[in-house]
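# Remarks on the overall topology
Here are the chains, one letter per residue:
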Amino acid sequence: MASGHPVGWLIERLLALEPLRQLLFWQARRLIIRTAERRGIDWRARREHLRAQATPLLQSSGDPATSTPSYYRARFHAYQLGNLCWQAACEAEQATDAMALRIWPAELLSPSQAQQRLRAAIMAAIVPSLSLPVRRALDLGCSVGVSTRSLKDWLDEREAADVRVEGLDLSPEMLAVARAREAEAAPARPIAAWHHAAAEASGLATASYELITLEFVCHELPSSATAAVLSEAHRLLRPGGVLAMVDQDPESELIRRLPAPIATLLKSTEPYLEQYFSLDMAAALQAAGFHSLRREACDPRHRVLVAVA
Ligand SMILES: C[S@@+](CC[C@H](N)C(=O)[O-])C[C@H]1O[C@@H](n2cnc3c(N)ncnc32)[C@H](O)[C@@H]1O
């Protein structure tokens, strides 16, 4: 990532001034929403719809016993309250689709085609490491359930069974929207449970899953939290179970060559991105007790790391 670049440096200085920061983010946000709407993502209408559907589910989506680590309260993605607000939750589905579309800019994919292609590539990267039949799987940092639903559909088909798939997230708003999206889709085989907990302190039973996924979560964590989440995942997996994590690939040419203004803006909306990029993930996985690490690029920007407990 470009740092120390004169344009990046200038943007960093501008972002340090609060009114300018707000103006820049407002402009960037407007551009993101307009671009997404031009590509077929009904950003604003969908936000209002999800908000109306999810509001009645908020209270029952949070566990009062769950404590929220202070790093999680940081400002993410230019949302003042980070992941702990309606706006973030009601725009997460659209942002996920927009992210999938950006992976293949030259192809005229629909949002759902891009999303399906992304998730299929992630799942395909997991397959060579799976040795146990998967009866129970957990999606850590499930957000509004896009990753959880794709995991469930894929596992049901692969295992020819109704696999018990659960989602876990620290944001009650995200979980309320996940439940609203499930209710809307009314699938024949629903997600078995939505847990409100920190991924590093799930409160779930030891050795109860054969597969755990962490999709696009680690770049939102300081390194110490990543280490704690990996240890918790190791505890939750049965011996021989598999952890799969997908996120930005620090070695991807596309990421290394991001134009300085974009790289600086990105870093300013992702408080732990630098820590994520400099963390030796293979060493962190090994320290948490994992072995047989495999690494695959699932697309030009992202890598899947798969390891066995
Ligand atoms: C970018 S979203 C992931 C989206 C989803 N997994 C997908 O692939 O579509 C990151 C999610 O991780 C959650 N998260 C971040 N830190 C967490 C933690 N320590 N414990 C549980 N969830 C966490 C956030 O609330 C957010 O919903």
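Everything below is about the structure printed above this text.
Our subject in this report is the structure included herewith. Not measured: the values here are computed from a predicted model. Residue numbering note: each chain is counted from 1, following its sequence as written. Per-residue local features are limited, in this predicted model, to residues with pLDDT of at least 70; the limit for side-chain atom pairs, both in listing and counting, is 80 or more; totals at the level of whole chains, interfaces and linings are taken over all residues.

We define a nonpolar core as a collection of buried residues of the types Ala, Val, Leu, Ile, Met, Phe, Trp, Tyr and Cys that are connected via C-beta atoms lying within 7 Å of each other. Whether a residue is buried, exposed or partly exposed is read from the other C-beta atoms within 10 Å of its own C-beta, which are placed from the backbone; 20 or more gives buried, 12 or fewer gives exposed, and intermediate counts give partly exposed. Counting 73 residues, the largest nonpolar core has Ala89, Ala137, Leu140, Val177, Ile212 and Leu243 as the members making the most contacts within it. In this text, helices come from DSSP runs of H or I with a minimum length of four residues, and strands from runs of E with a minimum of two, each type numbered from the N-terminal end. When residues of this core are assigned to their parent elements, the largest contribution, seven residues, is made by helix H4 (residues 86-103). Whether two residues are in contact is decided by their C-beta atoms, placed from the backbone, lying within 7 Å. Residues contacting Ala137, with those up to four places away along its chain left out, are Leu151, Leu155, Val163, Val165, Tyr209, Glu210, Leu211 and Ile212.

Moving on, we come to the site of the ligand. In the vicinity of the ligand lie 21 residues, with Gly141, Ser143, Ser147, Ala199 and Glu215 positioned nearest. Basically, the charged four are Asp, Glu, Lys and Arg, the nonpolar ten are Ala, Val, Leu, Ile, Met, Phe, Trp, Tyr, Cys and Pro, and anything else, Gly included, counts as polar. A per-class count over the shell around the ligand returns eleven nonpolar, six polar and four charged. Think of it this way: take the backbone, place a C-beta atom on it, and check whether that atom is within 6 Å of the molecule or strand, in which case the residue is near it.

So, about the pairing of strand E1 (residues 136-140). Counting buried positions along E1 yields four of five residues, so the element is predominantly enclosed. The pairing criterion for strands is at least two bridges between them, as found by DSSP. Across five bridges, E1 lies against strand E2 (residues 164-169) in parallel orientation. What sits directly across from Arg136, in E2, is Arg164. Crossover E1 to E2 through helix H6 (residues 146-159) is right-handed. As paired elements, E1 and strand E4 (residues 209-215) share four bridges and run parallel to each other. When the sheet's bridge partners are listed, Leu138 is paired in E4 with Ile212. Consider the strands pointing away from the viewer: the crossover is right-handed when the path from the first strand over the helix to the second runs clockwise.

Each axis is a line fitted through C-alpha atoms, and for a helix only the stretch in contact is used; angles between axes span 0 to 180 degrees, taken between their N-to-C directions. Contact geometry for H4 and helix H7 (residues 172-185): axes closest at 8 Å, N-to-C directions at 40°. In terms of their interaxial angle, H4 and H7 are classed as oblique. The handedness of the crossing between H4 and H7 comes out as right-handed. Residues Trp86, Ala88, Ala89, Cys90, Ala92 and Glu93 of H4 lie in contact with H7, whose contacting residues are Glu173, Met174, Ala176, Val177 and Arg181. Among the residues making up the contact of H4 with H7, the classes are represented as eight nonpolar, no polar and three charged. Just so you know how the angles are binned, under 35 degrees is roughly parallel, over 145 roughly antiparallel, 65 to 115 roughly perpendicular, and the rest oblique. Note on convention: near helix rotated counterclockwise from far helix by under a right angle means a left-handed crossing. Clockwise means right-handed.

On to unusual backbone geometry, then. Phi angles above zero are rare outside glycine, and Ala207 is one such case at about 55°. Notably, Phe216 is not glycine yet its phi reads approximately 60°, a positive angle. By the element assignment, Phe216 lies in the loop between E4 and helix H8 (223-236). A residue is classified by how many C-beta atoms lie within 10 Å of it, and Phe216, with 18 of them, is partly exposed.

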